[in-house]
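Structural description and commentary
What follows is each chain in one-letter form.
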Amino acid sequence: MPLSRSLSMTSLSGVLPAWEEEELPVEDLLLFEVAWEVTNKVGGIYTVIQTKAKITVDEWGDNYFMMGPYFEHNFKTQVEGCEPPNATIKKAMDALIHSGCQVHFGRWLIEGSPYVILFDIGSAAWNLDRWKGELWHTCNIGLPYHDREANDSLILGSLVAWFFKELTEQLGDKPNVICHFHEWQAGPGLILSRSRKIPMATVFTTHATLLGRYLCAGSVDFYNNLDKFNIDKEAGERQIYHRYCLERAAVHCAHVFTTVSQITAVEASHMLHRTPDVVTPNGLNVKKFSAMHEFQNLHSTSKARIQEFIRGHFYGHLDFNLDKTLFFFIAGRYEFSNKGADIFLESLSRLNYLLQVHRSDVTVVVFFIMPAKTNNFNVESLKGQAIRKQLWDTAHCVKEKFGERLYDSLLKGQIPDMSTILDRDDFTIMKRAIYATQRHSLPPVTTHNMLDDATDPILTNVRRIGLFNSRNDRVKVIFHPEFLSSTSPLLPMDYEDFVRGCNLGVFPSYYEPWGYTPGECTVMGIPSVTTNLSGFGCFMEEHVSDPAAYGIYIVDRRYRSPEESCNQLTQFMFSFCQQSRRQRIIQRNRAERLSDLLDWRYLGRFYVHSRFLALGRAFPNTFKVDPMAPLKTEGFRYPRPYSVPPSPSASIHSTPHHSDVDEDDDEPYDEDVEAERDRLNIKGPFVLSAVPEGKKKQPGESGN
């Protein structure tokens, strides 16, 4: 049954190619997905499995189950307990329960409400030594007693393998179980299931290799030395050799190995010595608006709220025009080098110089939203918001008096004397309010009191480049070392509302297997900067002919030196500052149009292909797959927007100009016409390997 969704007027869903794959007999199959983050939010994998749940439930119905560890608090707040709908599932669970292991079943209260099977690790911990011995005798992998996470992963994996043994014995010889394992924490379950020859098809996905994340955190030249690392030595020196062995064994035991991006596929082939069979990009549940202008209105509303914060934060130094101020931001885990905060800060210093040299009246306010150790809000920041509110109240009080006296004069048929309409007390109140805004210090760079102020990487580099929010600076920096919340007394906005109010998201990451932050910007119609070392950037380069025209700026950090990459990022931001308000609106429309490309309704097809491939390899007599067919999936490409001239110089001014002056008002542009012409302009078809004969339309696919 096709998925229903309200499509945007500016949607390009019509250009997404109809890909037809042989439909799996889901009514005769059981699909399981194992991950440490099922009902347990730790990192990005939680977002992947949570957002993907609905489209998987729509396809598989009651034959889809998620599996993970049981945590009492998570179960009570996120899961509705119920009985398993399948008798064989219940019997397999009962076998474990009767042996003293606690297993819980219910519906996860997220979109799609998938069934979950959660294993209580603590109740089975008494088996740990025996299972360690079995792992050693089977795979020669030993786990140290002090690594609790690895030990818990083994307990979970042993329970999962035990469950599948009981389940397949109940089902008999019919090959009807597929299990998808995510990350090394789920790896022991796959390893033990395969070593016990349990008849099931297996898929393993690595979202980021263990060793890759550790090496990049150490500031090494990772991608240029992939073929030079002594993998065993590097893992041993970082005391993660046993974890690395679990990850690598799971990769080689799986029938199908997948990863989330092309750049991670290159990494995995060197780190884990197996080339991924399928790349399964991460998607989002895209909620479209019925009219184009709705998300533009949300941008204006959220931007006004950010401007109010700026008025308070820069009180006494608000000598720049907020209508000509652009808001940039970077957000995510506080990994200074991996997330590209180092190159971003250096580029901001150069952008500040360019704006000053060209005497631009555009001001850029940059937010760093990265959680760090703090002890409270900065007193000066709170004081600024209090002064702003006091000024607001004073202005409203005087405005009411002015209005009443004006009204009385007009009723009497008199033109009021503007010199007497406000008395001396009113002028006194206003003067006191003005004097209250005087400050003898610069606006603070950080909104909180930092515990490690002297050694904090962001603050250290801010001091180095000298961006202290002085009056001469055209680039202002605000470091907000906490995730945003609507209950904050300082900046009371949720992350989504904040992103909608910004003009540009900047994520020049060095190590980013996928990167949800630029994807979220795209879905909300906000232009963003990413890199060709992030999964998202590689995906956009592959699928979009001219990403920059759609508001996706891709910095080359793979084939250029850090200096060249820094200059490229500076030029991207400087060019963005040169755009007129009209050009930015057009670019937001185009960015939002790409959201269909990131929808699970489109990206879920790669998971469908990986499952079919796994069944073909696990049960070749039942599920036929052409072994000679290439496994690489090739995506189509969005065309260059129809209204963009062939030369970039014709669409971007060569010198700065006011952001609110629309010199190009006579430029012909119609969003709906451009979208329709782009649909007709697509040349490259979508090609997916191993498509068997007798093809059928995939449920939920567009027929356009």
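What counts and how
Residues numbered from 1 in each chain as written. Predicted model: local features only at pLDDT ≥ 70, side-chain atom pairs only at ≥ 80, totals over all residues. Heavy atoms only, no water. Helix = DSSP H or I, 4+ residues; strand = E, 2+ residues; numbered from the N terminus. Buried < 20%, exposed > 50% of the residue type's maximum accessible area, 1.4 Å probe, protein only. Contact = heavy atoms within 4.5 Å. Areas by Shrake-Rupley, 256 points an atom, 1.4 Å probe, with all protein chains shown as cover. Pairing = 2+ DSSP bridges. Axes fitted to C-alpha atoms, helices over the stretch in contact; angles between N-to-C directions. Parallel < 35°, antiparallel > 145°, perpendicular 65-115°, else oblique. Left-handed = near helix turned anticlockwise from the far one by under 90°. pLDDT = per-residue confidence, 0-100. Phe/Tyr/Trp six-rings, centres within 6.5 Å; stacked < 30°, edge-to-face > 60°. Lys NZ or Arg CZ within 6 Å of the ring centre and 35° of its normal. Expected span 1.5 Å × (residues − 1). Core = buried A, V, L, I, M, F, W, Y, C linked by side-chain atoms within 4.5 Å. Right-handed = clockwise from strand over helix to strand, strands pointing away. Salt bridge = Lys/Arg side-chain N within 4 Å of Asp/Glu carboxyl O.

Each helix and strand counted, the chain has 22 helices and 17 strands in total. For the chain, with 704 residues in total, the buried portion stands at 57%. Taking contacts inside the chain between residues at least 6 apart in sequence as the whole, the part at least 24 apart equals 77%. Put simply, the chain shows about 29700 Å² of open surface, and 52% of that area lies on carbon and sulfur atoms.

As a further point, take the sheet that holds strand E1 (residues 30–34). With mixed pairing, the nine strands of this open sheet are ordered in space as E3-E4-E5-E2-E1-E6-E7-E8-E9. Among the strands making up the open sheet, the edge pair consists of strand E3 (79–81) and strand E9 (278–279). Here four bridges tie E1 to strand E2 (residues 64–69), and the two strands are oriented parallel to one another. The residue bridging Val34 from the neighbouring strand is Met67, located in E2.

For any two helices packed against each other, the geometry comes down to the angle between their axes and how far apart the axes lie. Relative to each other, helix H12 (residues 341–357) and helix H19 (residues 562–578) sit at 50 degrees, their axes nearing to 9 Å. As summarised for this structure, H12 and H19 are arranged oblique, according to the angle between their axes. Our pair here, H12 against H19, has a crossing hand that is right-handed. Together, Ile343, Phe344, Glu346, Ser347, Leu348, Arg350, Leu351, Leu354 and Leu355 of H12 and Pro562, Glu563, Ser565, Cys566, Asn567, Leu569, Thr570, Met573, Phe574 and Cys577 of H19 make up the contact between the two elements.

It is worth spelling out the confidence of the model for the chain at this point. Here the chain averages 86 in pLDDT, and 85% of its residues register 70 or above. For the stretch residues 1–15, pLDDT sits under 50, and the model shows 51 contacts to residues farther than four places along the chain or on other chains. Per-residue pLDDT stays below 50 along residues 647–666; that stretch engages in 35 contacts with residues further than four places along the chain or on separate chains.

Time to look at unusual backbone geometry. In most cases, non-glycine residues show a negative phi, while peptide bonds are predominantly trans. With phi around 60 degrees, Asn140 is a residue other than glycine that occupies positive phi space. Secondary-structure assignment places Asn140 in the loop between helix H4 (128–139) and helix H5 (148–171). Classification of Asn140 by relative accessible area gives exposed; the value is 56%. Here Arg359, not a glycine, exhibits a phi torsion of approximately 50 degrees, which is positive. In this structure, Arg359 sits in the loop between H12 and strand E11 (363–369). Residue Arg359 is classed as exposed on the basis of its relative accessible area, which comes to 76%.

Time to look at the sheet that holds strand E17 (residues 552–555). Strand order in the open sheet formed by six strands is E14-E11-E10-E15-E16-E17, and the pairing between neighbours is parallel. Strands with a single pairing partner mark the edges of an open sheet, and in this sheet they are strand E14 (475–480) and E17. Recorded for the sheet is a direction-independent mean angle of 25 degrees between the axes of neighbouring strands. On the sheet, helix H11 (residues 293–313) packs against strand E10 (325–331), E11 and E14 and is oriented at approximately 95 degrees with respect to E10. Here H19 sits on the sheet and contacts E10, E11, strand E15 (504–506), strand E16 (528–531) and E17; the angle it forms with E17, its principal contact strand, is near 160 degrees.

So, on to the packing of aromatic side chains. Tallying each qualifying case throughout the model produces 32 aromatic pairs. Where Phe329 meets Phe498, the ring centres are 5.6 Å apart and the plane angle is 80 degrees; that geometry is what we call edge-to-face. With Phe329 in strand E10 and Phe498 in helix H16 (residues 495–501), the pair connects residues that are 169 residues apart, well separated along the chain. Given the relative accessible area of 0%, Phe329 is considered buried. An aromatic cluster is built from Phe32, Phe65, Phe105, Tyr115, Phe119, Phe163 and Phe164, whose rings are joined through pairwise contacts. Sitting over the ring of Tyr115, Arg107 keeps its end group 4.0 Å from the ring centre. Over the aromatic face of Tyr315 sits the side chain of Arg439, whose NZ or CZ is 3.9 Å from the ring centroid.

What follows covers helix H20 (residues 581–593). Between its first and last C-alpha, H20 extends 19 Å over 13 residues, near the 18 Å set by a 1.5 Å rise per residue. Among the 13 residues of H20, 10 are classified as buried, and the element is accordingly described as predominantly covered. Gln583, Arg584, Ile586, Gln587, Arg588, Asn589, Arg590, Ala591, Glu592 and Arg593 are the residues of H20 that are buried.

One recurring pattern in soluble globular proteins is that nonpolar side chains are buried together. Phe32, Phe163 and Phe164 are the most contacted members of the largest nonpolar core, which totals 73 residues. With 11 residues, the top contributor of residues to this core is H5. With near-sequence residues (within four places) excluded, Phe164 lies in contact with Phe32, Met67, Val177, Cys179, Phe181, Ser193, Ile198 and Met200. In terms of nonpolar packing, the next biggest core, distinct from the first, is built from 63 residues, Phe329, Leu355, Leu459 and Leu490 among them.

Right, let's talk about the pairing of E16 for a bit. With burial as the criterion, each face of E16 is covered, one bearing Ser528 and Thr530 and the other bearing Val529 and Thr531. In this sheet, E16 lies alongside E15 in parallel orientation, the contact comprising two bridges. Each residue of the ladder has a partner; that of Val506, found in E16, is Val529. Remark: the E15/helix H17 (residues 516–523)/E16 crossover connection has right-handed handedness. One ladder, built from four bridges, connects E16 with E17; its direction is parallel. Its bridge partner lying in E17, Thr531 is registered against Val555.

For the structure shown, the criterion picks out 32 salt bridges. Across the pair Lys54 and Asp58 runs a salt bridge, and its minimum N-O distance is 2.9 Å. With Lys54 and Asp58 both in helix H1 (residues 44–60) and four residues apart, the pair spans about one turn of that helix. The partly exposed category is assigned to Asp58, whose relative accessible area is 37%. Among the salt bridges present, the one from Arg196 reaches Glu134, with a minimum N-O distance of 2.8 Å. On the criterion of sequence distance, the pair formed by Arg196 in the loop between helix H6 (187–195) and strand E7 (201–206) and Glu134 in helix H4 is long-range, its members being 62 residues apart.

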